[in-house]
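# Structural characterization, general
Spelled out from the first residue to the last, the chains are:
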Amino acid sequence: MKKARLLFKALLSLWIVYNIFTMMVMPNIGAYFGRTTSKFITPYANSIGLNASWNFFSPDPAHTMYIRYIVRYLDTEGNETKEPVEGFFPAEKNKGVLSGTRKRELYAMRFMVIDPKRLRLLFGPWLCRQYPGATSVEMEHVVETVPSLDQVVTLKDEAVQDLSQELQFTRESTSCVGGSDEEAL
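Counting starts from 1 at the beginning of each chain's written sequence and moves along it residue by residue. Where local features are concerned, this predicted model is filtered to residues with pLDDT of at least 70; where side-chain atom pairs are given and counted, the filter is 80 or more; whole-chain, interface and lining totals use all residues. Excluding hydrogens and water, the side-chain values take into account all heavy atoms of the structure.

### A few points about the state of the cysteines
Basically, it comes down to this: The disulfide criterion used throughout: a pair of cysteine sulfur atoms within 2.5 Å. Helical segments are the DSSP runs of H or I of at least four residues, strand segments are the runs of E of at least two, and each set is numbered from the N terminus.
This model, assessed by the stated rule, comprises one disulfide. Across a sulfur-sulfur distance of 1.8 Å, cysteine 128 and cysteine 176 are joined as a disulfide pair. Because the torsion about its S-S bond is -70 degrees, the bridge between cysteine 128 and cysteine 176 counts as left-handed. Of this pair, cysteine 128 sits in helix H4 (residues 116-130) while cysteine 176 sits in the segment after strand E4 (166-175), and the two are 48 residues apart along the sequence.

Listed below in structure tokens is the structure:
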């Protein structure tokens, strides 16, 4: 009788732990850990109704976004008088932005790329003032993707930077010579 009672307690404890594990993993079965353990818990979770997805775990990391710009210095015939200057906004394009002023730059960049006209009418003239003597500024909105965990695990011999893609979405150009068009936003 004592052995049966001890066996019952052990099996009940294992069942409780398995239930708790199922309740913790099933809400985010689409995550990497959920997909790797799904073959052990999905049949049980489907049969007792624990297969609802809540997605309460942290989402995938955000992609890196920035504006790449090239400031050109040309004479009246179109020849370069100075080397073009390539820059990024925010300047820390691949680093975490922690300080208050850097966060403001990040939000300003996002504001600019929502409507590409803002790049040409607001950001371009501001860059022209930052680089005296410039004749034009070319700007583009760049997104560097973060590879999925599945890609990183499957292609573990490759560096994460090699798996990332650089996508260009918006390209605008501003002339620094002469006045503005007085075009409204």
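There's plenty left to go through after this.
### What to know about the side chain of glutamate 140
As a reminder, the rule being used: Accessible area is worked out with a 1.4 Å probe on protein chains only. A residue is then buried under 20% of its type maximum, exposed over 50%, and partly exposed in between. For this analysis, a polar contact is any N or O atom pair within 3.5 Å, provided that within protein one partner can donate a hydrogen and the other can accept it, and provided that sequence-adjacent residues contribute only side-chain to side-chain pairs.
Within the element layout of this structure, glutamate 140 appears in strand E3 (residues 136-144). Of the residues examined, glutamate 140 reaches a relative accessible area of 7% and is grouped as buried. A distance of 3.4 Å separates the side chain of glutamate 140 from the side chain of arginine 171, its partner in a polar contact.

### A word on helix H2 (residues 32-48)
Under the convention used in this document: Multiplying 1.5 Å by the residue count of a helix minus one yields the expected span of that helix. By definition, a residue's bend is the angle between the axes fitted to the seven residues ending there and the seven starting there. Contact between two residues is taken to exist if any of their heavy atoms lie within 4.5 Å; hydrogens are not considered.
Under the 1.5 Å per step criterion, the end-to-end length of H2 is 23 Å for 17 residues, consistent within 8% with the ideal 24 Å. Its axis deflected by about 75 degrees at serine 38, H2 carries its strongest bend there. In this structure, the buried side of H2 is in contact with helix H1 (2-25). Positive backbone phi, at 85 degrees, marks glycine 49, one or two positions downstream of H2.

### Some points on the sheet that holds strand E2 (residues 80-89)
Keep this limit in mind: Two strands pair under a simple rule: DSSP has to find at least two bridges between them. An axis is simply a line fitted to the C-alpha atoms; with a helix, the fit covers only the stretch in contact. Between two such axes, the angle follows the N-to-C directions and lies from 0 to 180 degrees.
On the basis of which strands lie adjacent, the open sheet formed by four strands has the order E2-E1-E3-E4 and antiparallel pairing. Every interior strand has two partners, whereas the edge strands, E2 and E4, have only one. Strand after strand, the sheet turns through a mean of 15 degrees between neighbouring axes, direction not considered. Pairing of strand E1 (residues 64-74) with E2 involves seven bridges; the strand directions are antiparallel. In the strand pairing of E2, isoleucine 67 is matched with phenylalanine 89.

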